[in-house]
Amino acid sequence: MNKEQYLDDLFRVAVVIFTSTLYSLSVIWFLEPANLIAIGITAVGQILNRAFALGNITIPIGVFILIFNIPLCIYGWKSVSKRFVFYSVLSILVQTFWTMGWDWIKVDFGIDPSDRFFLGVIGGLLCGSSIGLALRYGTSTGGMDIIGQALALKKNISIGMFSSIVNIILAIIAGGIIEKSWDITLYTFIFIIISNLVVDKIHTAYNYLRVDVISQHSEAIAAALLEGIQRGCTISTVRGAYTQEEKFDVFMIISSYELQKAAEIVKTTDPNAFMTVSPIKKIFGKFFKHTIV
């Protein structure tokens with residue numbers, strides 16, 4: 001492993017620890033006091049925790065998070081990538097620790113627990129940010145992220161859309177069936193909407209972009225992009241209207257997750273290159289979606 005790869009892995013491990021901690025504390029500090037549920041496997045853990053509590057049995061949320069993530073990690077190992085699952089496992093372990101019901105973790109912010117709208121909004125912003133950041137940097141918060149990532153890769157399904165459907169069902173179960181309170185369900189819907197809007201806003205790995213690079217060094221740029229991005233590109237001859245100088249346009253289609261890397265490659269290869277980026281709404285034909293790690 002070279003130094004660059006080592007530093008990249010170290011950075012992603014830090015991202016996993018930070019985002020998983022932020023997600024877990026958001027649930028403990030803002031959702032649990034209002035009896036709102038989170039999303040994905042954490043929500044399943046909350047539902048089961050409350051269901052067992054009806055029979056005076058206390059099982060921490062973290063136990064359920066750990067158990068239910070095991071089959072999802074196996075699925076992700078086969079469907080996404082091994083490194084992605086490694087980060088997911090790390091995230092699951094961090095979340096399990098924070099959600100074991102430790103009293104010293106709980107903090108009283110002086111917010112009225114009955115103010116579910118405010119708590120749901122804050123929780124949605126923080127949880128959505130943690131999930132979006134994790135996915136943006138090629139990591140995961142585990143759970144439904146693994147399934148959502150696999151669907152985004154294979155079926156071009158929005159991770160936010162997938163999460164919304166699953167979490168709406170869980171909110172109905174938690175509020176309408178377990179808690180016997182549709183208020184909890186409705187405020188959880190607000191949390192879900194905000195959370196998933198933030199996720200889709202931050203995590204844009206599978207939005208398509210067209211990159212055009214105008215340069216005299218088309219062959220060098222094309223070769224560098226092919227090696228660095230591993231996508232095909234096209235070179236066409238163009239001419240400046242003012243200078244009448246002949247140049248070349250190297251263009252390729254990438255995901256927005258790859259944009260920063262493409263820009264760095266172009267700048268390194270030809271600092272004088274002129275690069276533009278345009279959004280692409282639809283692609284027909286083969287466009288291989290790289291795994292995010």
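The notes below deal with the structure included here.

The phi dihedral of asparagine 35 falls on the positive side, at around 65°, and the residue is not glycine. For asparagine 35, the position within the fold is in the loop between helix H1 (3-31) and helix H2 (40-53). In this structure asparagine 35 comes out as partly exposed when scored by relative accessible area, which is 30%. Despite not being glycine, glutamine 230 shows a phi value in the positive range, around 60°.

Within strand S1 (residues 208-215), six of the eight residues are buried, which leaves the element mostly enclosed by the surrounding structure. Of the pairings in the sheet, the one linking S1 to strand S3 (residues 246-255) comprises eight bridges and is antiparallel in character. Residue aspartate 212 lies in a different strand from S3, and its bridge partner there is phenylalanine 251. Direction of pairing for S1 relative to strand S4 (residues 274-280): antiparallel, over a ladder of seven bridges. Looking across to S4, one finds that isoleucine 214 is bridged to phenylalanine 274.

A contiguous nonpolar patch, built from Tyr6, Leu7 and Leu10 and spanning about 310 Å² of accessible area, is present on the exposed surface. Looking at the element boundaries, leucine 7 is found in helix H1. Leucine 7 sits in the partly exposed class, given a relative accessible area of 45%.

In the contact formed by helix H9 (residues 218-229) and helix H10 (residues 259-269), the axes pass within 10 Å of each other and the chain directions differ by 145°. Seen from above, H9 lies across H10 with right-handed handedness. Contacts from Ala220, Ile221, Ala224, Leu225, Gly228 and Ile229 of H9 reach H10 at Lys261, Ala262, Ile265, Val266 and Thr269. Residues belonging to the contact of H9 with H10 are distributed by class as follows: eight nonpolar, two polar and one charged.

What follows deals with the pattern of salt bridges. One pass over the full model with this rule turns up three salt bridges. As a salt-bridge pair, glutamate 32 and arginine 50 come within 3.0 Å of each other at their nearest N and O atoms. Of the two residues, glutamate 32 is situated in the loop between H1 and H2 and arginine 50 in helix H2; the sequence distance between them amounts to 18 residues. Accessibility expressed as a relative area gives 25% for glutamate 32, which makes it partly exposed. Since its relative accessible area comes to 10%, arginine 50 is described here as buried. Notably, a salt bridge pairs aspartate 212 with arginine 210, separated by 2.8 Å at the nearest N-O pair.

Conventions used here
Residues numbered from 1 in each chain as written. Predicted model: local features only at pLDDT ≥ 70, side-chain atom pairs only at ≥ 80, totals over all residues. Heavy atoms only, no water. Helix = DSSP H or I, 4+ residues; strand = E, 2+ residues; numbered from the N terminus. Buried < 20%, exposed > 50% of the residue type's maximum accessible area, 1.4 Å probe, protein only. Pairing = 2+ DSSP bridges. Patch = residues over 30% accessible without salt bridge, like charges linked within 9 Å, V, L, I, M, F, W, Y side chains within 5 Å. Areas by Shrake-Rupley, 256 points an atom, 1.4 Å probe, with all protein chains shown as cover. Salt bridge = Lys/Arg side-chain N within 4 Å of Asp/Glu carboxyl O. Axes fitted to C-alpha atoms, helices over the stretch in contact; angles between N-to-C directions. Left-handed = near helix turned anticlockwise from the far one by under 90°. Contact = heavy atoms within 4.5 Å. Nonpolar A, V, L, I, M, F, W, Y, C, P; charged D, E, K, R; others polar.

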